[in-house]
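What follows is each chain in one-letter form.
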Amino acid sequence: MPHDLFRLAYISRNTGLSDAAELDALLASARRANAQADVTGALLFNRECFAQVLEGPMPAVNSVFERIQRDPRHGDVIILLAENSPGRRFPDWAMAYAGEDPEARERFAEMRFADLRQSAVAGTELLSMLEQAVGRTLPA
Amino acid sequence: MTDPLRPPAAVTTVDHLTGLTDRRGFMDALAAALAPPHEAPPLLLLDLDRFKAVNDVHGHPVGDALLVTAAGRIRSAVRRGDVVARLGGDEFAVLLGAGTTDAEAMRIADRLVDLLGRPFLLEGRVVQIGSSVGLSSAAPGIDAAALIKQADLALYAAKARGRGRAARFEASMQDAAEARMTLEMELRAALPLGQFVLHYQPLMDLKARQTVGFEALLRWQHPGRGLLAPGAFLPVAEEVNLMPAIGAWVLRQGCREAAAWTAPLKVSINVAPSQLVDGTLPAIVAAALAESGLPGPRLEIEVTENALIDAGGVDVHGQFQRLAEMGVMLALDDFGTGFASLAQLGRYPFQRVKIDRSFVADPRMMQAAMGVGRALGLKTTAEGIEEATHLAAVTGEGCEIGQGYLIGRPMAAAAISPFLHAEEQHDAA
């Protein structure tokens with residue numbers, strides 16, 4: 001059932017994640033939880049902000065997102081996209097880290113939360129940016 | 001042996017929707033926490049902001065899902081040993097564990113405001129609400145009722161400061177609450193005691209430099225505090241739903257006084273969004289016109305953009321249409337400061353926009369507002385003309401009517417005749 005799939009994209013302010021080890025731990029726990037819930041997606045992060053896409057069955061995306069909302073390591077969550085979708089854009093990724101791609105990392109590294117919010121990056125734009133980055137990185 | 005007819009105590013003290021402690025369980029927990037020799041722990045009372053709107057717009061199932069998710073967020077922000085309860089509707093309480101410091105309590109309160117202000121994703125819908133939190137303040141020997149009162153007053157203060165925030169109880173809140181209650185009592189008596197009066201501010205035709213009407217402005221002749229401007233009492237009047245009655249009086253009085261003027265000038269009367277909710281405005285206006293003998297075209301009703309937005313489910317358009325059929329003019333007040341879209345403006349039978357005073361000193365904004373008014377075929381009034389430069393600017397822009405201290409201050413009804421007489425003398429000279 002194609003309309004059973006739901007996609008969410010958001011940006012938020014990084015308020016607690018500072019180094020690679022913490023990121024690895026976060027990715028590991030996200031991947032574990034997402035795989036169990038049949039949720040896929042991609043994540044980018046820099047010193048100031050997170051950008052994430054989640055896709056999967058709606059109740060699963062709801063509950064994964066709700067868990068993320070309670071995480072004290074970020075705040076000022078802004079949802080850019082919430083839509084039903086016929087298919088997944090990140091079918092092979094429990095949670096792709098788009099930062100593996102040097103180009104995306106570089107592009108994103110300079111983004112400040114205030115700028116992101118100001119420029120009102122459209123959800124679709126964020127989605128294709130993450131998709132490009134992940135496309136250049138082969139699934140592990 | 002347990003009595004099979006009696007459910008276990010725990011079952012009767014759980015809120016079925018959220019699984020939190022219910023009001024009764026909360027009262028029990030509070031009583032236990034206050035039993036000697038314990039010191040009163042900090043208490044948080046929390047209301048969801050705009051919860052009712054979510055229920056209205058998305059329906060009760062989404063509202064219920066929101067309550068469940070909000071309860072989960074609250075629970076995620078407290079520690080083992082803290083009691084989280086749903087007291088009813090969208091009201092929650094958190095009784096913090098013994099030994100919690102004031103600073104910790106404030107941190108938790110801020111965290112709750114943060115968490116509940118984040119977007120909720122409910123059945124694929126993005127829902128954004130907020131919350132206000134009131135915090136009690138430690139006092140030795142305080143009892144349960146006084147502790148709840150403290151947190152409640154603090155919650156009220158948090159809402160009054162604009163919602164979406166936490167506030168801790170301060171002794172001054174008690175005074176403020178008492179002052180507000182006194183004001184409410186006096187306000188309820190003001191209408192029957194005849195303490196309201198209307199003052200009138202001249203509206204000048206900018207081309208002819210002649211007074212063409214007056215805007216009626218409400219004042220309260222307070223027995224102890226003198227003449228009060230609306231800002232001092234209208235928020236409370238709105239809060240206790242006195243506005244429809246006061247507004248009806250303003251319409252009757254304004255029409256009656258205008259009908260007695262020596263010249264057939266217009267009277268502009270403000271109507272609040274709360275006067276539009278029950279659909280009786282056209283009947284009230286019709287009665288005011290009939291009673292006074294004032295012809296419909298001499299009355300102009302002013303509403304702000306909020307009246308168009310706040311009125312969810314209310315037939316504002318139909319009421320405006322009926323006013324228009326009586327010949328009554330309709331003006332949009334404070335134009336440019338609200339959120340009305342051009343499409344909305346075009347849909348209502350307005351004949352005039354009153355350009356907000358904040359634009360009068362800004363030529364670009366003035367031009368833009370005038371442009372919109374003209375494009376929609378509306379007449380324009382400029383408010384807040386206080387300096388000769390303002391007057392020159394709005395006249396230059398082709399604005400039809402001007403209003404402000406430079407043109408004339410609000411005056412008592414009795415001052416209108418001398419004012420008009422003086423103008424006549426001046427024109428004749």
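See the structure shown above.
Summary of the structure given here. The structure displayed is predicted, hence computed values, not measured ones. (Residues numbered from 1 in each chain as written. Chains lettered and ligands numbered in written order. Predicted model: local features only at pLDDT ≥ 70, side-chain atom pairs only at ≥ 80, totals over all residues. Heavy atoms only, no water.)

## A word on the overall build of chain A
To keep things clear, this is the line we draw: What counts as a helix is a DSSP run of H or I of at least four residues, what counts as a strand is a run of E of at least two, and both are numbered from the N terminus. Buried residues are those whose accessible area, probed at 1.4 Å on protein chains only, stays under 20% of the maximum for their type, while exposed residues exceed 50% and partly exposed ones sit between those limits. It only takes one pair of heavy atoms within 4.5 Å for two residues to be counted as in contact. Areas reported as accessible are Shrake-Rupley estimates using a 1.4 Å probe. Residue values count occlusion only from the protein chains shown.
When its secondary structure is counted, chain A shows 5 helices and 5 strands. The order of α-helices and β-strands along chain A, N terminus first, is β-α-β-β-α-β-β-α-α-α. The buried share of chain A, taken over its 140 residues, is 48%. Sequence separation of 24 or more characterises 82% of the internal contacts of chain A that already satisfy a separation of 6 or more. Accessible surface, chain A: about 6700 Å² in total, of which carbon and sulfur atoms supply 52%.

## What to know about the overall build of chain B
Along its length, chain B carries 16 helices and 17 strands. Put simply, chain B has 429 residues, and 48% of those count as buried. Counting only contacts in chain B whose residues sit at least 6 apart along the sequence, the fraction spanning at least 24 positions is 66%.

## Quick look at the sheet that holds strand β1 (residues 5-14) of chain A
Remark on secondary structure: sheet strands pair via backbone hydrogen bonds, oriented parallel or antiparallel. All names here are of chain A. We apply this condition: Two strands qualify as a pair provided DSSP detects at least 2 bridges between them.
In spatial order, the strands read β4-β1-β3-β2-β5; together these 5 strands make up an open sheet with mixed pairing. Because the sheet does not close on itself, it has two edges, and the strands there are β4 (74-85) and β5 (96-97). As paired elements, β1 and β4 share 9 bridges and run antiparallel to each other. The residue of β4 that forms the bridge with L5 is S85.

## A word on the packing of helix α2 (residues 23-34) of chain B against helix α6 (residues 144-160) of chain B
Residue and element names in this part refer to chain B. Convention followed: Only the stretch in contact is used when a helix axis is fitted, and all axes are lines through C-alpha atoms; the angle between N-to-C directions ranges over 0 to 180 degrees. To sort the angles, those under 35 degrees are grouped as roughly parallel, those over 145 as roughly antiparallel, those from 65 to 115 as roughly perpendicular, and the leftovers as oblique. Take the far helix as the reference: if the near one is turned anticlockwise from it by less than a right angle, the crossing is left-handed, and if turned clockwise, right-handed. Each residue gets one of three labels, nonpolar for Ala, Val, Leu, Ile, Met, Phe, Trp, Tyr, Cys and Pro, charged for Asp, Glu, Lys and Arg, and polar for the others, Gly among them.
Where α2 contacts α6, the two axes come as close as 10 Å, and the packing angle between them is 115°. The angle between α2 and α6 falls in the class roughly perpendicular. Regarding α2 and α6, the two cross each other, and that crossing is right-handed. In this structure, α2 uses F26, M27, L30 and L34 to contact α6, whose residues at the interface are A144, L147 and I148. Its residues assigned to classes, the contact of α2 with α6 comprises 7 nonpolar, no polar and no charged.

## Some remarks on the pairing of strand β14 (residues 352-355) of chain B
Residue and element names in this part refer to chain B. Of the two faces of β14, the one lined by R352 and K354 and the one lined by V353 and I355 are each fully buried. The sheet contact formed by strand β13 (residues 329-335) and β14 spans 3 bridges and is parallel. Paired with L332 across the two strands is V353, which belongs to β14. Pairing between β14 and strand β15 (residues 379-382): 4 bridges, direction parallel. Within β15, the residue paired with I355 across the bridge is A382.

## Considering unusual backbone geometry
All names here are of chain B. Following P36, the chain continues to P37 via a peptide bond in cis, the omega torsion being 10°. Even without being a glycine, R163 presents a positive backbone phi close to 60°. Relative to the helices and strands, R163 resides in the loop between α6 and β7 (166-168). Non-glycine residue D334 carries a positive phi angle of around 50°. Tracing the backbone shows D334 in strand β13.

## With respect to the layout of surface pockets
Residues and elements named next belong to chain B. Stated precisely, the cut-off is as follows: The distinction between a cavity and a pocket rests on a 1 Å grid over the protein atoms alone: a 1.4 Å probe fits inside a cavity but cannot get out, while a pocket stays open yet meets protein on both sides within 12 Å along at least five of seven lines, and a residue with an atom within 4 Å of a point counts as lining. Grid points are joined across faces, edges and corners, and a volume is the space filled by probe spheres set on the points.
Counted as a void, the largest pocket has a volume near 390 Å³. Considering the residues around the largest pocket, the lining is formed by Y156, K159, A160, R163, P235, V236, E238 and E239. Those elements that provide at least two residues to the lining of the largest pocket are α6 and α8 (234-239). A per-element tally of the lining of the largest pocket places α8 first, with 4 residues. Its residues assigned to classes, the lining of the largest pocket shows 4 nonpolar, no polar and 4 charged.

## Focus on the nonpolar core
Residue and element names in this part refer to chain B. Put simply, the test is: In this description, a nonpolar core means a group of buried Ala, Val, Leu, Ile, Met, Phe, Trp, Tyr and Cys residues linked to one another through side-chain atoms lying within 4.5 Å.
Counting residues in hydrophobic clusters, the biggest one holds 69 residues, and the most contacted among them are F196, V267, V285, L299, I301, F320 and F350. Per element, the largest residue contribution to this core is 7 residues, and it comes from helix α9 (residues 243-259). For F320, the residues in contact, after removing those within four places along its chain, are L276, V303, L308, L330, Y348, P349 and F350. Among the nonpolar cores identified, the runner-up in size contains 32 residues, and L46, I74, F92 and V127 belong to it.

## Let's talk about the interface of chain B and chain A
Here is the rule we go by: In short, buried area is how much 1.4 Å probe accessible area vanishes from two parts on joining, totalled over both. By convention in these notes, a salt bridge is any Lys or Arg side-chain nitrogen within 4 Å of a carboxyl oxygen on Asp or Glu.
Counting residues at the interface gives 14 residues for chain B, matched by 17 residues for chain A. Approximately 1200 Å² of surface area, both sides summed, lies buried where chain B meets chain A, with 57% of it carried by carbon and sulfur atoms. In terms of surface lost to chain A, no three residues of chain B exceed R118(B), P119(B) and L121(B), which account for 48% of the buried area on that side. Applying the counting criterion to the chain B and chain A interface returns 1 salt bridge. Elements with a contribution of two residues or more to the side of chain B that touches chain A: α4 (60-76), α5 (102-117) and β4 (120-122) of chain B. Taken together, the residues of the side of chain B that touches chain A sort by class into 6 nonpolar, 4 polar and 4 charged.

## Let's talk about the pattern of salt bridges
All names here are of chain B. What the rule picks out here adds up to 24 salt bridges over all chains. A salt bridge links R180 to E239, with the nearest nitrogen and oxygen atoms 2.9 Å apart. Pair noted here: R180 is in helix α7 (residues 171-190) and E239 is in helix α8, with a separation of 59 residues, a long-range link. On the basis of relative accessible area, E239 is assigned to the partly exposed category, the value being 45%. Here E386 makes a salt bridge to R357, at a shortest N to O gap of 3.0 Å. A residue pair is termed long-range when its members are at least 10 positions apart, and E386 in the loop between β15 and α15 (388-396) and R357 in the loop between β14 and α14 (363-375) qualify at 29 residues. For R357, a relative accessible area of 46% puts it in the partly exposed group. Within the structure, one salt-bridge network assembled from shared partners comprises R180, E184, R188 and E239.

## Regarding α9(B)
Residue and element names in this part refer to chain B. Where we set the bar: Each helix should span, by expectation, one fewer than its residue count multiplied by 1.5 Å.
Along its 17 residues, α9 runs 24 Å from first to last C-alpha, staying within 8% of the 24 Å computed at 1.5 Å per residue. Across the 17 residues that make up α9, a large majority, 12, are buried. Against the buried residues of α9 lie β8 (196-205), β9 (210-222), α8, β11 (266-270), α10 (281-292) and β12 (299-304).

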